[in-house]
Amino acid sequence: MTDARTTAQGGMETSYGFHKVDEGKKQGLVNDVFHKVAKRYDIMNDVMSAGMHRLWKDAMVSSLSPRKDASYKVLDVAGGTGDIAFRIVEASNRLAHATVLDINGSMLAVGEERAAKKKLSDNLTFVEANAEELPFEANTFDAYTVAFGIRNVPRIDVALKEAHRVLKRGGRLLVLEFSEVEMPLLDRVYDAWSFNAIPQFGKMITGDAEPYQYLVESIRKFPNQEDFAAMIRTAGFSRVTYTNYTGGIAALHSGWKL
């Protein structure tokens, strides 16, 4: 497999970084990556984004602007460590309820421990499940969020349809993901940082460069901004938009169930 990006027509379901794998094999390989990095996930994100992920996540939650209302329910997918869910609960004056869903038990264990320390456990539910088969009834949530996790889902189109199903009418989808850099000089600097520095820093931090190599490659395989926006529309969402952060290193995608 080449390093060419996949498109709105698919390809991520058999892409493990730059390696092509049999359909059905990717999820197990990705699970192994996150079991390895779970306890150092925050450090991993700092390395991958040079610390910018914290600002991007703040901007994501600001864009969501969760209601300060105890009836407000959000589903945060692939959010095991709680980064986005904690921000949403705090932004609602600790009134909203967030369900944190992740397929990886190691990530969820980190999130539950952090939630207890922050005294946020009453506002959170942690669920181990697959984004492609959500264990919730239709029309349940006011918002569905996922930050830097959608590219690790094998069948992204299926996950997006599930997102649409579980959202209430008027509910909002927000997806924050690494994307295609749109500034000529920045893209070369970012490539050099990604492929040369990040795996080496990962090896220094965790003793294993391989998970970081996969994560860097998966960013380059993920559909660009326009293609991913097209996938969101195909899943049934309306008023689909995206906002680039830091020259397109990351992008925040938004859609509504109307």
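A. The arrangement of the packing of helix 1 (residues 26–37) against helix 8 (residues 210–221) in detail. As a packed pair, helix 1 and helix 8 sit with axes 9 Å apart at the nearest point and diverge in direction by 125°. With respect to their mutual orientation, helix 1 and helix 8 come out oblique. Of the two possible hands of crossing, helix 1 and helix 8 adopt the one that is left-handed. Contacts between helix 1 and helix 8 involve K26, V30, V33, F34, K36 and V37 on the former and, on the latter, E210, P211, Y212, Y214 and L215. Each residue belonging to the contact of helix 1 with helix 8 can be placed in one class, and the counts come to 8 nonpolar, no polar and 3 charged.

B. Layout of a nonpolar patch on the surface. A surface patch of nonpolar side chains, amounting to about 310 Å² of accessible area, comprises W193, F201 and M204. Here F201 is to be found in helix 7 (residues 184–206).

C. Main features of the sheet that holds strand 8 (residues 238–245). Spatially, the 7 strands line up as an open sheet ordered 5-4-3-6-7-9-8, and their pairing is mixed. Two strands close off the open sheet at either side, each with one partner strand: strand 5 (124–128) and strand 8. Neighbour-to-neighbour, the strand axes of this sheet turn through a mean angle of 15°, independent of strand direction. The pairing of strand 6 (residues 141–147) with strand 7 (residues 167–178) spans 6 bridges and is parallel. Counterpart to Y144 in the pairing with strand 7 is L173. Where helix 5 (residues 105–117) meets the sheet, it contacts strand 4 (97–102) and strand 5, and its direction lies at approximately 165° from that of strand 5.

D. Geometry of the packing of aromatic side chains. In this structure the tally under the stated criterion is 6 aromatic pairs. Here F148 and F178 contribute two aromatic rings whose centre-to-centre distance is 4.5 Å and whose plane-to-plane angle is 35°, an arrangement assigned as tilted. Residue F148 is found in the loop between strand 6 and helix 6 (156–166), and its partner F178 is found in strand 7; the two are separated by 30 residues along the sequence. Residue F148 shares its accessibility class with F178, and that shared class is buried. Geometrically, the ring pair formed by F222 and F228 is tilted, given 5.0 Å between the ring centres and 55° between the ring planes. Across this residue pair, the class does not change: F222 and F228 are buried. Taken together through their ring pairs, the aromatic side chains of W56, F148 and F178 make up a single cluster. Between R239 and the ring centre of W256, over which it is positioned, the NZ or CZ distance is 5.1 Å.

E. Representation of the environment of Y242. Along the polypeptide, Y242 turns up in strand 8. The exposure class assigned to Y242 is partly exposed, which follows from its relative accessible area of 27%. In this structure, the C-alpha to C-alpha distance between Y242 and K25, residues 217 residues apart in sequence, is 31 Å. In contact with Y242, not counting residues within four places along its chain, are Q225, E226, A229, L252 and H253. At a separation of 2.9 Å, a polar atom in the side chain of Y242 contacts the side chain of E226.

F. Structural view of the side chain of K26. With respect to the helices, strands and loops of the structure, K26 is situated in helix 1. Although buried, K26 forms no salt bridge, and the nearest oppositely charged side chain, E13, lies 7.4 Å from it. Engagement of the side chain of K26 in a polar contact is seen with the backbone oxygen of M12, the distance being 2.8 Å. Engagement of the side chain of K26 in a polar contact is seen with the backbone oxygen of S15, the distance being 3.2 Å. Beyond its immediate stretch of four places on either side in the chain, K26 contacts M12, E13, S15, V21, R151, N152, V153, P154 and Y214.

Cut-off values and rules
Residues numbered from 1 in each chain as written. Predicted model: local features only at pLDDT ≥ 70, side-chain atom pairs only at ≥ 80, totals over all residues. Heavy atoms only, no water. Axes fitted to C-alpha atoms, helices over the stretch in contact; angles between N-to-C directions. Helix = DSSP H or I, 4+ residues; strand = E, 2+ residues; numbered from the N terminus. Parallel < 35°, antiparallel > 145°, perpendicular 65-115°, else oblique. Left-handed = near helix turned anticlockwise from the far one by under 90°. Contact = heavy atoms within 4.5 Å. Nonpolar A, V, L, I, M, F, W, Y, C, P; charged D, E, K, R; others polar. Patch = residues over 30% accessible without salt bridge, like charges linked within 9 Å, V, L, I, M, F, W, Y side chains within 5 Å. Areas by Shrake-Rupley, 256 points an atom, 1.4 Å probe, with all protein chains shown as cover. Salt bridge = Lys/Arg side-chain N within 4 Å of Asp/Glu carboxyl O. Pairing = 2+ DSSP bridges. Phe/Tyr/Trp six-rings, centres within 6.5 Å; stacked < 30°, edge-to-face > 60°. Buried < 20%, exposed > 50% of the residue type's maximum accessible area, 1.4 Å probe, protein only. Lys NZ or Arg CZ within 6 Å of the ring centre and 35° of its normal. Polar contact = N/O pair within 3.5 Å; in protein donor to acceptor, adjacent residues only side chain to side chain. Lys, Arg positive; Asp, Glu negative; His and termini not counted.

Everything listed is a geometric property; what it means functionally is a separate question.
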